[in-house]
Each structure stands twice: as structure tokens, then as C-alpha cells.
Amino acid sequence: MQPTNGFYGEFGGAFIPEMLYPNVNELENEYQEIINSEDFQDEFRNLLRDYVGRPTPLYFSKNLSEIYQTNIFLKREDLNHTGAHKINNTIGQILLAKRLGKQRIIAETGAGQHGVATATACALAGMKCSVFMGEVDIQRQAPNVKRMELLGAEVIPATSGSKTLKDATNEAIREWINNPVDTHYIIGSVVGPHPYPDMVAQFQSVISEEIKVQLKELIGNENPDHVIACVGGGSNAIGAFYHFIDNGQTNLIAVEAGGLGVDSGKTAATIALGKKGIIHGSKTFLMQTNDGQIVEPHSISAGLDYPGIGPVHAYLADSGKGKVVSVTDEEAIKAGIFLSRKEGIIPALESAHALAYLEKEKFGKDDIVVVNLSGRGDKDLATYQKYI
Amino acid sequence: MNQLKELFENKEGKILSIYFTAGFPELNDTEKIILELDRNGVDLIEIGIPFSDPLADGPIIQASGQQALDNGMTLELLFQQLKNIRSKTQIPLVLMGYFNSIMQFGEERFCQKCAEVGIDGVILPDLPLEFYQDTYKALFEQYGLNNILLINPQTSEERIRKIDAVSSGFVYLVSSNSITGSNKDLSLQNEYFERIKKMELNNPKMVGFGIHDAKSFDHATKQTEGAIIGSAFIKSLSDRATLETKIEKFVKSIQGAKNILKEANLEL
């Protein structure tokens, strides 16, 4: 799934101020050649294996399969170092940044997962790291702030706008405008101007690459009937979908955060409610007013609390190549607790959205269903606690 | 029709452009601010369309935009406020905003409205050169709307030539690698301003971002036709005085110094 001239159909592009053009253009000219080089691939693959702990298991969940009368496999991204898929991307980008001669890394973070993964990669690579985080999120996610600081990163509060993820992203982009030469910006999802969505998708595509090999080994067929993943910006989802797009066999199911319900006004269901527009340099669907002001979303899961969606997902949804559904906060919590009790795995609230969809569709008895378990739920204990 | 072209052809001395955010400090201040700026001898006015996520702007302009949105400002309302402006002033008017606002309003409808109320040009920092050229240039030209593109210190010579060829009205020289309102030392930018001057562009050059007083205005306009002040002007509006007093005081603080130098026969 490669973009053409930076666009997936009509979505994507690089709608950026001229001040960012040199930075983004440098990346665009260099990224593919660097990623394709043998030297990069060797270092990246070795780190994914020895440092991140890949391949992550593809676990056949006997209990869930019996309950839902189908065959359910969990892709265990929660077992990665730092506890989520985010590290696949930050390791890739830090190696790229080093090859571009950059000395400093900036990143945005919402719940802090991408911030921690970035701080981790920077510690490993010996790079200076500044993470922008909304003032509101800093208070909500204090343990992750401490983790980042322990890892040697500087956490900079974003105090503009609604003081959450979208504002942290704005602040990071502004910082990049102010420091165009020595700084690389590690975006945490398949969002932002081209080439970010493509670059991040390539780094996350290791998820579906492994699923193929593992399924082949386990059942003799590399293509599942369904892949289910949660989607905020959409990096774990595109990673899980990547090698199954257009194979004519696999249903790609992206689960958005419905919040209190798609019609409640408190939701992050971008595809369900969004209109085409521009956010953070990319043309996609986004939640906005008639006047084009970006609306603050709501989800119980901080990682899905984003008013836009990666342009590749906008394209998959718009072209009918993928299916986009939503589940509510309550359904996600229930699914998270259910998996904890039935399998002894506490999923991140984000991943719990993907699991909640199992209640919504009746899959065939012989169907192969892969759910991408994007992260672990330790960070969400305070939220879970209110419901048990 | 084209007030911009006329301004650059006929103006003696340096051009002072002032940016303000529509809907700030009060929702219906737009016309009053325009007329006061005109009365005080400002040459060109940029009207900011408030946006929730203004990537290229610093804290002062962003906060004014947020206040304007809280006041109830919309692009729809802005065009209503500007409906009769041309019966009151002929000062060149440029709209500055982010492309999402235009997309939601409807690109052609936006151009139509601009032509209707007498807007001379637009500055849309996140509408990139190539995309504008391929998708919207013909439309903008059909409605006689100048599109003013940005150049910054990192922009390559080859790209500056392209931008100059596609821009009309003027080109906007971003003073340093910065967002709006950051008061970096402009004397460090002499090499950049000189380099651009030597390129002998087709379009006049206006410097913006970080111009905040008479001294920085003077510095920015040594090698260019004029400069744009935004954040510093908006900051001055937060004073408790009346709008008339604040605007007069601010413009004098820039122009006054200019006139004193002029009387002393000093070239700016």
C-alpha cells in the first residue's frame, strides 16, 4: 500500500507551511533509500529481535474461540519492550534520524506511550529527546511522564488550545519549524505530512509480515479471513493490515473509539462523523465544525483520542477496501475486563476496542480471525479500577 | 481592481502592513480596525481568519484566534462584516488563514466572496506551492485573487524562483526559521535579505514574522519593499484604552520613527 506522489487516492499529501518544506523534503528524498539499504535493514531487524523482543507471538486463544464459536488469534504486540507496538516505529525512525545526521529528537504524545517509546529509542541511540505533551495529559498520565524523565527525556507541556494530543502535535511541529536543521521529528502514528504516513506504515508493517509467517506455520494458510485492530491515528491497524490489503481474502476491520456513542457529541469516531479536511499537514477525514474548526474528541482511551485519522485509513474506508466500525467506552471496558478474566491478559484500553468488536459480528465457525492486541493495560489500571 | 499592484507601483517609501485577527478583541471590530488602520496611514492590511490549530503561528496570534472563535467568529461572518467595506476604504486587503477553513467554506465560493467584497489577495501558509499550482491557480486567477506565497531562509534558490513565478501581489519573506511572534535578532538575517534582493524577483518583497517595533521594521525593510507586523499589534490591542487610541498609538510607534528619519533625510 504505497502512496502515489504522497497521496492515497485523494488523501494524504503534505499541506505544510513553506518553513517546513526543507525538513519534509529532505525526508521525502532520503527515507526510502535509507530504509531499503542493507545496512539499515540489518540494524533495524537485529534491534527488533534482540531489543524489542520480536517476533511477538501469535497466540491461539482457545477460550475466546470457544466462546465466540470461531478461531481467534491474538497478535501479542503487548509483549514488545515498552508494552506496545509504538516501539517498532521509534526504533525505525531513530535509525533514520542518525543516518540523516540529526542530533536531537522531538515527539508528541497523548497518553505517553509514544513518548515513552521515543524516549527509550533516544536513550538507546544516545540522542537528545524532547517530548511535547498536553498539559491536561501530563496530569492524567503522570506515571508515563516519570518514565520519560527517568529515560532522560525532557517533557514539555503544551499549553495552547485544548492542551491535549492535537495541541502537543501542533507544538512539536512549531518546534520543528524553529529548529529545522539539527532536529528530527518522530511522529507516533500514520498521520502528518507525506512521507510520515508511509514511513510509519512501513515500520509497523512488521506486524502483518509476522502474522503471515506465523499463520502459515500454525494453520498452513498465510491469509486470515479477518483482521481486527483499533484505530486512532491508525499505526497499529495499518501494521496489522499492511500485507493483507488487496489480497482478495482478508476483511480488514478498523475499530474506532465511539466514546459515549457516535451521536453523543462525546466521541472519537472520525470516519463515522468526520468530513474531509486538513489536519497536521494531511488531507483526511477529521472531526470539525461547519466553519472548519477542529473539534476536541472524546474517548476513554487516550491513545484513540485524536480528531483525525491516518490518510491511508481514510482511503481504505472511502474506497471500501476496509471496513470501519466503532465501539463505545463501555463496550471497550467490558471487553478489557473479559480478556483479563478469560485469558489472564490485561489489554490496553485501545486494544480493548478491537476485542469488543468480537461481540458485534458473528464470524463463521471455520473463519480465522486475528485481533491485534496493540498494547498492554498496566497504564490503564486507574481507569479499569473504576469498573471492577 | 488590483489595489495591491497599485500600492507597490506608486508608494514612495516603505510599506507598512498590519495583521489582525478577525473577531478579536470583539466579534464585530473588523470594520473599525480596518478603518482606523487606514486613517493612521497603514498601507496594507492582512485580516487573519481564526483557526483552531494554526501551525505557523506563535502564542499571541493563536490566543487571539481562540478568543475570536470563542466570540463566535466564522469565515461566513467575516464576509458579511466586509460586505460594504469597499464603499468606505480602498486600502489593499489580504486574507490570511489556513487551508482547511477555505476547504470547508468551498474553494470556489471563497474566491467568489473575495471578489465580491473586494479582497485583493490571500496568504494560505499550508497550501503548498505544487498543490496550489496544479489544483487552484486557475480558479484563483479567474476571480482575480492574488495568492501570496512564503519564502524562508532555508528555501533553495531554485524553489524561490518557482515561488516567485507562481506568486502574485508580493512574496512573503519569513524573517527567520520561526513561527509568528518570535523576536529573533533580525540583524542576523542581513545575509538572507541581501541574497533575496540580489535575485531580483518579479514580485515585491514583504518581510514578516518577528517584526515588532520601529527598529525591526527599519531593519527588515532595508532590502525590501516593506514589512508586516502581526503579533506585536495584536498584543497592543489588549491595552485597556479605546480601539482608536490603541491603534493610533501603535501605528505612530512604527511610523513616527519613520517620519523623523525621513525629515532628517535618512534613507530607511
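Cut-offs and rules
- Residues numbered from 1 in each chain as written.
- Chains lettered and ligands numbered in written order.
- Predicted model: local features only at pLDDT ≥ 70, side-chain atom pairs only at ≥ 80, totals over all residues.
- Heavy atoms only, no water.
- Helix = DSSP H or I, 4+ residues; strand = E, 2+ residues; numbered from the N terminus.
- Expected span 1.5 Å × (residues − 1).
- Buried < 20%, exposed > 50% of the residue type's maximum accessible area, 1.4 Å probe, protein only.
- Contact = heavy atoms within 4.5 Å.
- Buried area = accessible area lost by both parts, 1.4 Å probe.
- Salt bridge = Lys/Arg side-chain N within 4 Å of Asp/Glu carboxyl O.
- Polar contact = N/O pair within 3.5 Å; in protein donor to acceptor, adjacent residues only side chain to side chain.
- Axes fitted to C-alpha atoms, helices over the stretch in contact; angles between N-to-C directions.
- Parallel < 35°, antiparallel > 145°, perpendicular 65-115°, else oblique.
- Left-handed = near helix turned anticlockwise from the far one by under 90°.
- Nonpolar A, V, L, I, M, F, W, Y, C, P; charged D, E, K, R; others polar.
- pLDDT = per-residue confidence, 0-100.
- Pairing = 2+ DSSP bridges.
- Right-handed = clockwise from strand over helix to strand, strands pointing away.

Peer 1: I tried to follow helix α10 (residues 206-219) of chain A on my own but got confused; where do I start?
Peer 2: Residues lying three or four places apart along an α-helix face the same way, a consequence of the helix completing one turn every 3.6 residues. Residues and elements named next belong to chain A. Given a rise of 1.5 Å per residue, 14 residues ought to cover 20 Å, and the 20 Å separating the end C-alpha atoms of α10 matches this to within 8%. Within α10 the residues assigned to the buried category are Val206, Ile207, Ser208, Glu210, Ile211, Lys212, Gln214 and Leu215. A positive phi of about 85 degrees marks Gly220, the residue just after α10.

Peer 1: Is there a simple way to explain the environment of Ser178 of chain B in this structure?
Peer 2: As for its placement among the helices and strands, Ser178 of chain B is situated in the loop between β7 (171-174) and α9 (190-198). Considering only alpha carbons, one finds Ser178 of chain B and Asn152 of chain B, 26 residues apart in sequence, at a separation of 9.0 Å. With residues up to four places along the chain from it excluded, the contact list for Ser178 of chain B reads Met19, Ile177 and Asn178 of chain A together with Lys184 and Phe209 of chain B.

Peer 1: I would appreciate a short explanation of the interface of chain B and chain A in the present structure.
Peer 2: Often the size quoted for an interface is simply the accessible area lost on bringing the parts together. Listed by partner, the interface residues are 36 residues for chain B and 33 residues for chain A. Both faces combined, the contact of chain B with chain A buries some 2800 Å², and carbon together with sulfur accounts for 57% of it. Among the residues chain B hides against chain A, the three largest losses belong to Asp53, Leu55 and Gln104 of chain B. Together they make up 23% of the total. Here chain B and chain A share two salt bridges between them.

Peer 1: Help me understand the side chain of Gln255 of chain B in this model?
Peer 2: All names here are of chain B. You can see Gln255 is positioned in helix α12 (residues 243-263). Given a relative accessible area of 11%, Gln255 falls into the buried group. Engagement of the side chain of Gln255 in a polar contact is seen with the backbone oxygen of Gly41, the distance being 3.0 Å. The contact partners of Gln255, leaving out residues within four places of it in the chain, are Leu16, Gly41 and Val42.

Peer 1: Just to check I follow, could you spell out the packing of helix α7 (residues 129-142) of chain B against helix α8 (residues 157-166) of chain B for this structure?
Peer 2: The geometry of a pair of packed helices is captured by two quantities: the angle between their axes and the separation between those axes. Residue and element names in this part refer to chain B. Contact pair α7 / α8: the axes reach a minimum separation of 11 Å and the direction vectors enclose 25 degrees. In terms of axis orientation, α7 runs roughly parallel to α8. The handedness of the crossing between α7 and α8 is left-handed. Where α7 approaches α8, its residues Leu129, Glu130, Tyr132, Gln133 and Lys137 are matched on the opposing element by Arg159, Lys162, Ile163 and Val166. Split by residue class, the contact of α7 with α8 holds four nonpolar, one polar and four charged.

Peer 1: Sorry if this is basic, but what is going on with the confidence of the model for chain B here?
Peer 2: Parts of the model with low pLDDT should not have their predicted coordinates read in detail. Averaged over every residue, the pLDDT of chain B is 93; residues scoring 70 or more account for 95%. Two summary scores accompany this predicted model of the complex, namely pTM at 0.95 and ipTM at 0.93.

Peer 1: When you look at the side chain of Asn88 of chain A in this model, what are you seeing that I'm missing?
Peer 2: Residues and elements named next belong to chain A. If you trace the backbone, Asn88 turns up in helix α4 (residues 86-99). A relative accessible area of 0% means that Asn88 is categorised as buried. Aside from chain neighbours lying at most four places away, what touches Asn88 is Phe44, Leu48, Val52, Arg54, Glu77, Asn80, Phe203, Gln204, Val206 and Ile207.

Peer 1: What's the story with the pairing of strand β5 (residues 104-109) of chain A in this structure? I'm lost.
Peer 2: Successive residues of a regular strand alternate their side chains across the two faces of the sheet. Residues and elements named next belong to chain A. Of all six residues that make up β5, six are buried, and the element is covered over most of its length. Burial along β5 is two-sided: the residues Arg104, Ile106 and Glu108 and Ile105, Ala107 and Thr109 are all buried. Sheet topology note: the β5/strand β6 (residues 128-134) ladder contains six bridges and is parallel. Of the residues in β6, the one forming a bridge with Thr109 is Met133. In this fold, β5 hands off to helix α5 (residues 113-125), which returns the chain to β6; that crossover is right-handed. Where β5 meets strand β8 (residues 183-186), four bridges bridge the pair, whose relative direction is parallel. Looking at the pairing, Arg104 lines up with Thr183 of β8.

Peer 1: Explain the pattern of salt bridges to me, please; I cannot follow it from the model alone.
Peer 2: Note on pairing: side chains with opposite charge can pair once their charged atoms come close. All names here are of chain A. If you walk through the whole model with that rule in mind, you get 41 salt bridges over all chains. Among the salt bridges present, the one from Glu10 reaches Lys276, with a minimum N-O distance of 2.8 Å. Here Glu10, found in the loop between β1 (7-8) and β2 (11-12), pairs with Lys276, found in strand β11 (residues 275-279); they are 266 residues apart in sequence, far enough to count as distant. For Glu10, a relative accessible area of 32% translates into the label partly exposed. In this structure, Lys323 engages Glu361 in a salt bridge whose closest nitrogen and oxygen atoms are separated by 3.0 Å. Here Glu361 lies in the loop between α15 (349-356) and β14 (368-373) and Lys323 lies in strand β13 (residues 323-328), a separation of 38 residues in the sequence.

Peer 1: What's the story with the sheet that holds strand β9 (residues 226-230) of chain A in this structure? I'm lost.
Peer 2: All names here are of chain A. Pairing is mixed in the open sheet, where six strands are placed in the order β3-β4-β14-β9-β10-β13. Two strands in the sheet have a free side with no partner beyond their single neighbour: β3 (58-60) and β13. The mean inter-strand angle of the sheet, taken between neighbouring strand axes irrespective of direction, is 25 degrees. Of the strand pairs in this sheet, strand β10 (residues 251-259) and β13 are connected by six bridges, and their pairing is parallel. Bridge pairing in β13 links Gly259 to Thr328. Seen against the sheet, α10 touches β3, β4 (71-76) and β14 and runs at an angle of roughly 135 degrees to β4.

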